[in-house]
Amino acid sequence: MSQQSRTLYKTMLHLGKDYPGGYPYFRNKLKNAFMKNSALKDQKEIDSAIARGEFVIKELEALYMLRKYRALKKRYYEE
Amino acid sequence: MSLRILVGVKRVIDYAVKIRVKPDKSGVITEGVKHSMNPFDEIAIEEAVRMKEKKIAKEIVAFSCGPAQCQETLRTALAMGADRGIHVEVAGPQFDTLQPLHISKMLAQLAKDEQIDLIIVGKQAIDDDCNQTAQMTAALLDWPQATSASKIEAKDGSLQVVREIDGGLETIKVKLPTVVSADLRLNEPRYATLPNIMKAKKKPIKKLTPKDLGVDVSPRIEVVTVEEPPVRLAGAKVENVDMMVEKLKALGHA
């Protein structure tokens, strides 16, 4: 596993601690996704897989932010 | 402008956790429950960090008061972009009866000690919902206050703040130094990523006791009882419109 993908994996594991479906579920999914790409040799393919991972990170951050915002809005603001 | 900003952050039970009351009704269960930074305080930190990125601020000091685990909350604040942390340790029964007034006194003292120009706090914490800290801090320091801020613009020596008030918005101008409390729509806080949390471990956290700040935290109140909100009653199904009208009439709605 390259340094780059290792960092990505760790970052995503950390993000998974807040996952609505639970950390174990997320960890399994993440591991499977990484295992599926473990045989990649071509640098171009690896790069695109990592770019996809970084996209997922952004999506997760947006998901958490929106979820928190909505929960607070529902609790404190009437509309 | 190069402001020194003090941001108050509180460690609360995570917003997504289902709160449970202790069987003896003395409080809520906190052991083994996920805690995180109060969401309104995240917004406060984010605003300070954005001010620093715009070169309006030069230093951000994050402050938290509570048990040792508050250091984690401070780390999150540092990971989001605060420069250093101050942790005032209060634990056990004293922490249970800690009131916004105590925090305000600490913030006021720190503001003097650290030559702070701007204090930003969340407008309220999601655990006790007090919404008092900013107001009392401003009073203790005799500084102007801009509470429930949904937009902040710095203009030399003052801030123009848009406030959320009942049924609309209010724009006010306050002279610095001042106290601001952050409302929900002020900004969208960034996520504290793992690399940033690692980097934040190098940032300093100063540990103080309430005594160092001249604040007496001995309990003045006693929690008599904490109770769960009433459970929502189940509804009933009706066969057709006529039956519904009948039911509504019986309930006095029509």
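Note that the structure is a prediction, hence the values are computed from the model and not measured. (Residues numbered from 1 in each chain as written. Chains lettered and ligands numbered in written order. Predicted model: local features only at pLDDT ≥ 70, side-chain atom pairs only at ≥ 80, totals over all residues. Heavy atoms only, no water.)

Colleague: I'd like a description of the interface of chain B and chain A, backed by residues and values.
Modeller: A common way to report how large an interface is uses the accessible area buried once the components associate. The interface of chain B with chain A comprises 23 residues on the first partner and 19 residues on the second. Where chain B abuts chain A, roughly 1,900 Å² becomes buried across the two surfaces, and 60% of that area is made up of carbon and sulfur atoms. Here chain B is connected to chain A by two salt bridges. Put simply, chain B and chain A have eight residue pairs in polar contact (both at pLDDT 80 or more) between them. Elements represented by at least two residues in the side of chain B that touches chain A include exactly α1 (39-53) and α6 (194-200) of chain B. (Contact = heavy atoms within 4.5 Å. Buried area = accessible area lost by both parts, 1.4 Å probe. Salt bridge = Lys/Arg side-chain N within 4 Å of Asp/Glu carboxyl O. Polar contact = N/O pair within 3.5 Å; in protein donor to acceptor, adjacent residues only side chain to side chain. Helix = DSSP H or I, 4+ residues; strand = E, 2+ residues; numbered from the N terminus.)

Colleague: Lay out the pattern of salt bridges with the relevant residues and their values.
Modeller: Residue and element names in this part refer to chain B. Scanning all chains against the criterion turns up 19 salt bridges over all chains. A salt bridge links K123 to D183, with the shortest nitrogen-to-oxygen separation between them at 3.8 Å. Residue K123 is found in the loop between β6 (118-122) and α5 (133-141), and its partner D183 is found in the loop between β10 (178-182) and α6; the two are separated by 60 residues along the sequence. The same class applies to K123 and to D183, which are both buried. A salt bridge links D216 to R220, with the nearest nitrogen and oxygen atoms 3.5 Å apart. The exposed category is assigned to R220, whose relative accessible area is 55%. (Buried < 20%, exposed > 50% of the residue type's maximum accessible area, 1.4 Å probe, protein only.)

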